[in-house]
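# Report on the structure
Here are the chains, one letter per residue:
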Amino acid sequence: MPSLLTPQGVVHYEAAGSGPPVILIHGWTQAWNTWRSTLETFEGRYRMYAPDLWGFGESEKEGRLSFEVSDFIDLIPQFMDELGMERVPIMGHSMGGTTALGVALRYPQRVSKVAVVGSPINGKSLSFFLKLAGTRLVASVMLAGKNAPLLRLFLKLWSPFVSRPQPRLFYEMTIKNASGFTIDSFFKSIASLRRTDLTAELHRIAVPAMGIYGLRDVVVNPNQIKVFAQHIPHGISVPIERAGHFPMWDTPEEFNRAFEQFMAL
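Residues numbered from 1 in each chain as written. Predicted model: local features only at pLDDT ≥ 70, side-chain atom pairs only at ≥ 80, totals over all residues. Heavy atoms only, no water.

What follows is about the overall build of the chain. A count of helical and extended segments in the chain gives 11 helices and 8 strands. Whereas a compact globule of 265 residues would reach a radius of gyration of roughly 18 Å, the chain reaches 17 Å, a difference of no more than 12%. Taken along the three principal axes of its C-alpha coordinates, the chain extends 45 × 40 × 35 Å. Looking at the chain as a whole, 58% of its 265 residues are labelled buried. Sequence-distant contacts in the chain: of pairs separated by 6 or more residues, those separated by 24 or more amount to 76%. (Helix = DSSP H or I, 4+ residues; strand = E, 2+ residues; numbered from the N terminus. Rg over C-alpha atoms; globule rule 2.2 N^0.38 Å. Buried < 20%, exposed > 50% of the residue type's maximum accessible area, 1.4 Å probe, protein only. Contact = heavy atoms within 4.5 Å.)

In regular strands, side chains alternate between the two faces of the sheet. Summarising burial for strand β2 (residues 9–16): 6 of the 8 residues are buried, a large majority. As paired strands, strand β1 (residues 3–6) and β2 are joined by 4 bridges and run antiparallel to one another. Each residue of the ladder has a partner; that of Leu4, found in β2, is Val11. Hairpin geometry of β1 and β2 is characterised by an intervening segment of 2 residues between the two adjacent antiparallel strands. Here β2 runs beside strand β4 (residues 47–51); their pairing, made up of 4 bridges, is antiparallel. Along β4, the bridge assignment pairs Ala16 with Met48. (Pairing = 2+ DSSP bridges.)

Moving on, we get to the pairing of strand β6 (residues 111–117). A large share of β6 lies buried, amounting to 6 of its 7 residues. Pairing geometry for strand β5 (residues 88–93) and β6, over 6 bridges, is parallel. Across the sheet, Gly92 pairs through a bridge with Val116, a residue of β6. With helix α3 (residues 95–106) bridging β5 and the parallel β6, this β-α-β connection has right-handed handedness. (Right-handed = clockwise from strand over helix to strand, strands pointing away.)

Let us look at the layout of surface pockets. Reported here for the largest pocket is a volume of approximately 330 Å³. In terms of lining residues, the largest pocket is bounded by 24 residues, among which Trp28, Leu130, Ala133, Phe154 and Trp158 are the most central. Elements that contribute at least two residues to the lining of the largest pocket include exactly α4 (128–132), α5 (136–142), α6 (149–162) and α7 (167–178). Looking at the lining of the largest pocket, the element that brings in the most residues is α6, giving 5 residues. (1 Å grid on protein atoms, 1.4 Å probe; cavity = no way out; pocket = protein on both sides within 12 Å on 5 of 7 lines; lining within 4 Å. Points joined across faces, edges and corners; volume = space filled by probe spheres on them.)

Here we come to the nonpolar core. Ile23, Met91 and Ile205 are the most contacted members of the largest nonpolar core, which has 92 residues in total. The leading source of residues in this core is helix α2 (residues 69–83), at 7 residues. Every residue in contact with Met91, bar those within four places of it in the chain, is listed here: Ile23, Leu24, Ile25, Trp35, Ala115, Val117, Ile212, Phe255, Phe259 and Phe262. (Core = buried A, V, L, I, M, F, W, Y, C linked by side-chain atoms within 4.5 Å.)

Orientation of α2 relative to α3, taken along the N-to-C sense of each, is 65°, at an axis distance of 9 Å. Between α2 and α3 the crossing geometry is right-handed. In contact with Val69, Ser70, Phe72, Ile73, Asp74 and Ile76 of α2, α3 contributes Met95, Thr99, Gly102, Val103 and Arg106. Residue composition of the contact of α2 with α3, grouped by class: 6 nonpolar, 3 polar and 2 charged. (Axes fitted to C-alpha atoms, helices over the stretch in contact; angles between N-to-C directions. Left-handed = near helix turned anticlockwise from the far one by under 90°. Nonpolar A, V, L, I, M, F, W, Y, C, P; charged D, E, K, R; others polar.)

This part covers a nonpolar patch on the surface. Together, Leu137, Val141, Leu150, Leu153 and Leu157 make up a nonpolar patch on the protein surface, roughly 490 Å² of accessible area in all. Breaking the nonpolar patch down by element, the ones donating at least two residues are α5 and α6. With 3 residues, α6 is the largest single contributor of residues to the nonpolar patch. For Leu157, the position within the fold is in helix α6. (Patch = residues over 30% accessible without salt bridge, like charges linked within 9 Å, V, L, I, M, F, W, Y side chains within 5 Å. Areas by Shrake-Rupley, 256 points an atom, 1.4 Å probe, with all protein chains shown as cover. Salt bridge = Lys/Arg side-chain N within 4 Å of Asp/Glu carboxyl O.)

Across its 15 residues, α2 extends 22 Å between first and last C-alpha, which sits within 8% of the 21 Å expected from 1.5 Å per residue. Positive phi shows up at Gly84, right after α2, with a value of about 75°. (Expected span 1.5 Å × (residues − 1).)

This is how it looks when you write it as structure tokens:
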């Protein structure tokens, strides 16, 4: 897995395919492998980059990072600079989508188009459990002990609701990625996301935009697709009836069509 050094630390990433570039950003408690099926499906058409956000996967976990959404927004143009990319499409899932919107707002000259997948535009749309996770106490308890047994139990019980067609995939992927985050990155990132509200700024996004939302999402309230549509009038909204929080896993054919539509914007 390749890595590069940014001003704020090492960033690991996966890259696949050839063709026009696109950056894919994972969500909370996940890593680049959220996008594994997308990389495999489209490697013959696009050059895809999936970085691990700071504090997750194999990326930097030390230094002066606060692991807030603002840090992740700054990471993306630094990542692009190191790879010689000037302006590219960006798609993000969940917290990664909020990050992608933040990049389009803070660094509009670096984003040619932007898409979010099951992303909170307003942090109040997060489920109760995710809001609760934004404290050191809860994070410490969830991650305590060898192999974090309480986290495993919670994920096992919650998995069927998060990804109904693929509960085992969600459980195994999150457990696998758990070794890549710390107590600080676990709770500080979701606490920051809970405080984030981009609603009033969305009208400033001038590039093509797409919002993909699973209507069975229990992690982020799917009413966020209405917020997206209301505040980005030129944006394209893609509701997926049978998908939960991970449309790329739950309904891959529908998600892949939306991805192709996004890349054609």
